[in-house]
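# A look at the structure
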Amino acid sequence: MSFDMNQMMQQVQQMQAEMLKAQEGLKDEVVEASAGGRMVTVKVSGALELKELRVDPEAVDPGDVELLQDMVLAAVNEALRSAQELASSRMNQAAGGLGGLGGLGLPGV
């Protein structure tokens, strides 16, 4: 079994380029989440940037600001979880499904 260092380096460079491309693409992808029956809706990019926060005027009750705060937190946290899952999925795709370096043809890996 021969080990070709040049071929391995080319594969690593190609994988790095694909991962960089995937990271850049995540900036343009957006996930949405809501809470309180869509009383609060947020959009977050795949790069974990909050892009939009919408609050239905009916959700604004001066006597229960705490409920509104809870809905905002729930929606933002759910959107962040979804965005992280999206990012993880895209990075795995960019890596070609490689589990570590197993796909690089390294002996014993």
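Quick summary incoming for the structure in this document. Just so it is clear, the model here is predicted, and its values are computed rather than measured.

This next bit is on the pairing of strand β1 (residues 30-35). Residues Val31, Ala33 and Ala35 point to one face of β1 and are all buried, whereas Val30, Glu32 and Ser34, pointing to the other face, are not buried. Of the strand pairs in this sheet, β1 and strand β2 (residues 40-45) are connected by six bridges, and their pairing is antiparallel. Within β2, the residue paired with alanine 33 across the bridge is valine 42. Between β1 and the antiparallel strand that follows it, β2, lie four residues; glycine 36 among them carries a positive phi value of about 65°.

Below, the discussion takes up the pattern of salt bridges. Under the defined criterion, the tally for this structure stands at nine salt bridges. Where arginine 54 meets glutamate 32, a salt bridge forms, and the shortest distance between an N and an O atom there is 3.7 Å. Remark: glutamate 32 occurs in strand β1 and arginine 54 occurs in strand β3 (residues 50-55); sequence separation between them is 22 residues. Residue arginine 54 is classed as partly exposed on the basis of its relative accessible area, which comes to 37%. For glutamate 32, a relative accessible area of 36% corresponds to the partly exposed category. Among the ionic pairs, lysine 51 bridges to glutamate 49, the shortest N-O distance being 3.7 Å. Several salt bridges share partner residues, and in doing so they unite Glu32, Arg38, Lys43, Glu52 and Arg54 into one network.

The rules behind each value
- Residues numbered from 1 in each chain as written.
- Predicted model: local features only at pLDDT ≥ 70, side-chain atom pairs only at ≥ 80, totals over all residues.
- Heavy atoms only, no water.
- Buried < 20%, exposed > 50% of the residue type's maximum accessible area, 1.4 Å probe, protein only.
- Helix = DSSP H or I, 4+ residues; strand = E, 2+ residues; numbered from the N terminus.
- Pairing = 2+ DSSP bridges.
- Salt bridge = Lys/Arg side-chain N within 4 Å of Asp/Glu carboxyl O.

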